[in-house]
Each structure stands twice: as structure tokens, then as C-alpha cells.
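Here's the letter readout for the chains.
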2 protein chains.
Amino acid sequence: MARTGRPPGGTRNREAILAAAAHQFSKLGYDRSSLRAVATEAGVDQALIAHYFGSKHQLFIAAVEFPPDHEKILPEVLTGDRASIGERLARVVLTLLEDPLARRRLTGLVRASSSEPEAAHMLREFLMREVIGPVAKALGSDEPELRVSVVGSQIIGLMMARYIVELEPLASLPAELVVEMIGPTLQRYLTHPLPLTD
Amino acid sequence: MARTGRPPGGTRNREAILAAAAHQFSKLGYDRSSLRAVATEAGVDQALIAHYFGSKHQLFIAAVEFPPDHEKILPEVLTGDRASIGERLARVVLTLLEDPLARRRLTGLVRASSSEPEAAHMLREFLMREVIGPVAKALGSDEPELRVSVVGSQIIGLMMARYIVELEPLASLPAELVVEMIGPTLQRYLTHPLPLTD
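From a predicted model like this one, the values you see are computed outputs, not experimental measurements.

### A word on helix H6 (residues 85-98) of chain A
Residues and elements named next belong to chain A. Taking 1.5 Å per residue, 14 residues should reach 20 Å; H6 reaches 20 Å between its end C-alpha atoms and fits that length. Summarising burial for H6: 10 of the 14 residues are buried, a large majority. What H6 keeps buried is the set Ile 85, Gly 86, Arg 88, Leu 89, Ala 90, Val 92, Val 93, Leu 94, Leu 96 and Leu 97.

If you want it as C-alpha cells, here you go:
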């Protein structure tokens, strides 16, 4: 039998760190959050955060509950023919969303974002730092942040319409046909001349 | 002083009817819902529903809390040059969303849809019956329902990204520039040849 007064500190501390991290990141954003403040809020030593999660960046990814292999995804999209970047992006998004665990986490984040401002801040911070920033930087187009934020609107909308609201026939369309519908849209947003840059 | 045992029946009955209607429509969908069942659930006479709301259709619109003048919108979009239907649709959507009251109601419906299955059913039913159906019918394109459901994904995503998650710089972009970004996408979804129809 478990000894009283000795709860499983490992799991409890890990959960406390994740909860404090989610709170700090959503309240202050990534840049203004510190591991020191997370440690204080969680009631643990700062060294324990490094022990469990490594860096501040890895703590952020864990707090967002994003699929841990997402860092492989962007290089895959950004490497290759510029004329088909929209199709490649659509394909990795669909591949991710057709995976049940990744879909649950991503739609969970979108669901929460629509009702909890803190979750919306997390999603925004995540998209800005992990997706919009890197893609915009690699893209070499004018107005890169605007382009990628509009790309974000189509991807978030696809998640809502296909997986949450289940609008038909989009909800039942084979993934490859969704790629063919959405890919040229993402391509246009990413690389075509913008009216507003006139 | 108010007499006890005599609550203001008008308001109370109206609210009871709306709550029962929202419940029935979201549980059974529009076609399978009956005014008789709504009346039974609300504990009122069926004639009272007609008195307050008129038809089943008007009760549905009231239960969704959609801006009552939305019926003027679609004819505006569908009348005119087919080559600019995407731009016209983007413009009415943005005009609607820049109005504070309509925006609150529409984003409220989208927010609720992402966490409550009943609200998602209402939103789906509303889009299908009031938007997708009529536009698809008027469009004369192949695969009209598919086209309009993909249009729905971009519009829902715009609402999420611009007004709920507040992704920048899209969130601060002047409405007319949003129309210029989104319009050609809606145009392509509505009228261009689809890869899947090969």
C-alpha cells in the first residue's frame, strides 16, 4: 500500500509544471514568460523543469500538447518546388489531421480557443512562433506574415468545417481530394502577387 | 407590486419556445422537427408559436439568433456577374462581420459550435438550409454542395482567425483588403473546374 503523505511527486510535479506553463504562456506570451515564474507558480525548483522538459521551447510545445514530431513537418513543406508549396502544405496538414491522436489534440486546441481566451492566446502564440514565423522567413515573398495568417484562416476553417461542425460533403471527402481543393488556395496565399502590395 | 403566481407569461413562454426549438432543431434537424413537438416540450399551445414566430422557418431563424435581415443577403450575392460572385460573397460576409451585433451573434454561434455538439448541429443545419442549399441551387456549377461546403470552411476559418483567435496581421487588416484576399478563393471554389470532376 502507498505510504500516506507521500504522493507520487514525479507525476504531480510534471502536471503542476505543465499547468503553470500553460497559464504563463497564455497570459504573457512566449517571450515574456520565464522558467523562473513557471517554477514559482508550480511550486518546484527551476532545475526540475529542465530535468523534465529541457528548454523553454520544449516546455512550450509540451504545454500546447502539440504532436512532438511537428518539427519535421515544416522543413518537408519548405523544401522543394516553390510552385507546389501550397499542395505540400495542404498534404501535411491533412496527413496530420487524419491521424486520430494528432487530430484530437489539434481540434481540442481549436475548440478550446473558441471559448477560452487563454487557449486562443496559446494557439495564436503557437501558430505565430512555430508556423507563421518560420514559414514567412523561409518564403521570401512580400508581406510574409499576412500571407501566412490568411493561410492559417483556411487551415483553422478546414478543421472546424470538416472535423468539428462536420459540414457535408466536405466532411466525408477523401483526404487527397481535400488537398486538391485547398492546395491551390494555400499556394495563392503564399506566393501570388497580392492586390494590397500595389 | 406584482401579483404572486402570475409571472410575465409572454416573455416566459417566448423563451420556453425558443429553448425548446433550439433543442428540437439541434437534436432532430430542421425537417424532422415539428411545431407540435416544440409546443409540447415548451408546455404551450401550438397556436402560440404561430402567434410569436409565424412559420417553422421563422422560428428556426429566431432560434439560431441569426440577423433577421440575412434573407436580403443571398439575392444580393447571387444577382450579377458570375465572374465576381466570390468577391460579392466575401464583401457581404465582411460587411456582416464588421457590424458589432451581427458579429457577436455569428462568432457566438461558431464559438458554441466548437464545444457543444448541439450548437454545431444548429450551425450545420443553418448553413445547409439557408446558405449552402440556396447558393448551390442558384449556382449552376457541378458539385454545388461540395463547392459551398468548402466556401463554408474559408468563411468559418476567417471568423475564427480574424475575430476569435485574432491572428495578426489578418485581425487588423482593413475589411476591403480581406475581401481582396478571400474573394478570389471563394470565386475559385464556386466556379472554377474541380480536379475531382475529371
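Moving on, there is more to tell.
### Topic: the pattern of salt bridges
Under the counting rule described, the total for this entry stands at 10 salt bridges over all chains. For the salt bridge of Glu176(B) with Arg91(B), the shortest nitrogen-to-oxygen distance reads 2.6 Å. In this pair, Glu176(B) sits in helix H10 (residues 175-191) while Arg91(B) sits in helix H6 (residues 85-98), placing the two residues 85 residues apart along the sequence. Relative accessible area serves as the criterion here: at 38%, Glu176(B) is assigned to the partly exposed category. Several salt bridges share partner residues, and in doing so they unite Glu87(A), Arg91(A) and Glu176(A) into one network.

### Here's the deal with the interface of chain A and chain B
Facing the 41 residues of chain A at the interface are 41 residues of chain B. In terms of surface lost to chain B, no three residues of chain A exceed Ser114(A), Leu167(A) and Met181(A), which account for 18% of the buried area on that side. Between the two partners, chain A and chain B, sit two salt bridges. Where Arg124(A) meets Glu166(B), a salt bridge forms, and the shortest distance between an N and an O atom there is 3.9 Å. Where chain A packs against chain B, one counts 16 residue pairs in polar contact (both at pLDDT 80 or more). Among the elements that line the side of chain A that touches chain B, the one with the most residues is helix H9 (residues 144-164) of chain A, at 13 residues. Class assignment for the residues of the side of chain A that touches chain B results in 26 nonpolar, eight polar and seven charged.

### Regarding the side chain of Gln24(B)
Considering the arrangement of structural elements, one finds Gln24(B) in helix H1 (residues 9-32). By relative accessible area, which is 7% here, Gln24(B) ends up buried.

### Concerning the packing of helix H9 (residues 144-164) of chain B against H10(B)
Residues and elements named next belong to chain B. The contact between H9 and H10 brings their axes to 8 Å, and the two run at 160°. Judged by the inter-axis angle, H9 sits roughly antiparallel to H10. Here H9 runs over H10; the crossing is right-handed. Here Arg 147, Val 148, Val 150, Val 151, Gln 154, Leu 158 and Arg 162 of H9 come into contact with H10, specifically with Ala 175, Val 178, Ile 182, Thr 185, Leu 186, Arg 188, Tyr 189, Leu 190 and Thr 191. Split by residue class, the contact of H9 with H10 holds 10 nonpolar, three polar and three charged.

Procedures and definitions
- Residues numbered from 1 in each chain as written.
- Chains lettered and ligands numbered in written order.
- Predicted model: local features only at pLDDT ≥ 70, side-chain atom pairs only at ≥ 80, totals over all residues.
- Heavy atoms only, no water.
- Helix = DSSP H or I, 4+ residues; strand = E, 2+ residues; numbered from the N terminus.
- Expected span 1.5 Å × (residues − 1).
- Buried < 20%, exposed > 50% of the residue type's maximum accessible area, 1.4 Å probe, protein only.
- Salt bridge = Lys/Arg side-chain N within 4 Å of Asp/Glu carboxyl O.
- Contact = heavy atoms within 4.5 Å.
- Buried area = accessible area lost by both parts, 1.4 Å probe.
- Polar contact = N/O pair within 3.5 Å; in protein donor to acceptor, adjacent residues only side chain to side chain.
- Nonpolar A, V, L, I, M, F, W, Y, C, P; charged D, E, K, R; others polar.
- Axes fitted to C-alpha atoms, helices over the stretch in contact; angles between N-to-C directions.
- Parallel < 35°, antiparallel > 145°, perpendicular 65-115°, else oblique.
- Left-handed = near helix turned anticlockwise from the far one by under 90°.

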